[in-house]
Amino acid sequence: MELGLLYSGGKDSTLAALLLDDFYDVTLVTGHFGVTDDWEHAKAAAESVGFAHERIELDEAAAQDAVEKMVADGFPRNGIQAVHEHALERLAAEGFDAIADGTRRDDRVPTVSRAQAQSLEDRHDVDYISPLSGFGRGAVDRLVDSALSVTVGPSESIPRADYEAELRALLREEHGESAVADVFPAHDQTYVEGPR
């Protein structure tokens, strides 16, 4: 069975791919808005761990809506959640037998509720799988440490292809550099360099 997994090049989505690889023909899929070429970071990470990679174009209006939501809220949570839901919808329409993401049990955002998962499955005749939903951050970190070589650092300086990179670029373009600092709290990101 063919599975498309939303992929950023980070540790969570890479670990999810490794866990699913024995059961599915996994393709790592990066959603992008065409704002930057950051999706290429995910392609390189996918190649480093031996997975096929594709990209799907997301609707730029979804990114614009997310940026405005983040500015109005003063934090990124609701905007990133909306973009993740949009990306899952697009991925579900790509013809895979199953779709997945790297969301963990303790993620604040993005999350996928049981109702959202069932709705995706019913509307698109696809299985939605969240292989890390039973894992907390500590368990994920221990598994990643044993299997992957990972770079960790401040979000704005780590090469990655998550939604945040393009949303930061749009936010900067439309509201200035200070808006990026106002909306996004300082936090670390990861980028997978390859297997350990």
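Each remark here, short or long, concerns the structure printed above.
Residues numbered from 1 in each chain as written. Predicted model: local features only at pLDDT ≥ 70, side-chain atom pairs only at ≥ 80, totals over all residues. Heavy atoms only, no water.

## Description of unusual backbone geometry
Residue P110 is reached from V109 by a cis peptide bond, and omega for that bond is -10 degrees. Position of P110 among the secondary structure elements: in the loop between β4 (98-100) and α5 (114-124). Within the chain, D125 stands out as a residue other than glycine whose phi angle is a positive 50 degrees. In this fold, D125 is placed in the loop between α5 and β5 (127-129). Note on D125: relative accessible area 71%, which makes it exposed. (Helix = DSSP H or I, 4+ residues; strand = E, 2+ residues; numbered from the N terminus. Buried < 20%, exposed > 50% of the residue type's maximum accessible area, 1.4 Å probe, protein only.)

## Observations concerning the packing of helix α3 (residues 60-73) against helix α4 (residues 77-92)
Packed helices, taken two at a time, are described by the angle between their axes plus the distance between the axes. Interhelical geometry of α3 versus α4 gives an angle of 160 degrees and a closest axis separation of 7 Å. By the angle between their axes, α3 is roughly antiparallel relative to α4. Crossing handedness for the pair α3 and α4: right-handed. Across from A62, A66, K69, M70 and D73 in α3, the residues of α4 making contact are N78, G79, A82, V83 and H86. Considering only residue class, the contact of α3 with α4 consists of five nonpolar, three polar and two charged. (Axes fitted to C-alpha atoms, helices over the stretch in contact; angles between N-to-C directions. Parallel < 35°, antiparallel > 145°, perpendicular 65-115°, else oblique. Left-handed = near helix turned anticlockwise from the far one by under 90°. Contact = heavy atoms within 4.5 Å. Nonpolar A, V, L, I, M, F, W, Y, C, P; charged D, E, K, R; others polar.)

## Section: the nonpolar core
L91, I99, Y163, L167, L171 and F184 are the most contacted members of the largest nonpolar core, which totals 30 residues. Counting only elements with at least two residues in this core, the list comes to α3, α4, α5, α7 (163-175) and α8 (177-183). Top element by residues in this core is α4. It accounts for six residues. Not counting residues up to four positions away in its chain, the partners in contact with L91 are G4, L5, L6, V29, I56, F96, I99 and A100. (Core = buried A, V, L, I, M, F, W, Y, C linked by side-chain atoms within 4.5 Å.)

## Structural notes on a negative patch on the surface
Together, E2, D21, D22, D25, E54, D97, D125 and D127 line one region of the surface with negative charge. Of note, D127 is situated in strand β5. By relative accessible area, D127 is classed as partly exposed at 36%. (Patch = residues over 30% accessible without salt bridge, like charges linked within 9 Å, V, L, I, M, F, W, Y side chains within 5 Å. Areas by Shrake-Rupley, 256 points an atom, 1.4 Å probe, with all protein chains shown as cover. Salt bridge = Lys/Arg side-chain N within 4 Å of Asp/Glu carboxyl O. Lys, Arg positive; Asp, Glu negative; His and termini not counted. Charge placed at Lys NZ, Arg CZ, Asp CG, Glu CD.)

## Points about the environment of I99
Take I99: it is sitting in strand β4. Along the chain, I99 and L3 lie 96 residues apart, while their C-alpha atoms are 5.3 Å from each other. Setting aside residues up to four positions removed in sequence, I99 forms contacts with L3, G4, L88, L91, A92, L120, V126, D127, Y128 and I129.

## Examining the side chain of E164
Examined against the element boundaries, E164 turns out to sit in helix α7. Note on E164: relative accessible area 5%, which makes it buried. Here the side chain of E164 touches R168 through a polar contact of 2.7 Å, side chain to side chain. (Polar contact = N/O pair within 3.5 Å; in protein donor to acceptor, adjacent residues only side chain to side chain.)

## Some details on the pattern of salt bridges
For the coordinates displayed, the defined rule picks out ten salt bridges. Ionic pairing is found between R104 and D12, a salt bridge with its closest N-O pair at 2.9 Å. Note that R104 is positioned in the loop between β4 and α5 and D12 in helix α1 (residues 11-20), a separation of 92 residues in sequence. Residue D12 is classed as buried on the basis of its relative accessible area, which comes to 16%. In this structure, R168 and E156 form a salt bridge, with 3.9 Å as the shortest nitrogen-oxygen distance. Here R168 is found in helix α7, whereas its partner E156 is found in the loop between β6 (148-154) and α7, with twelve residues between them in sequence.

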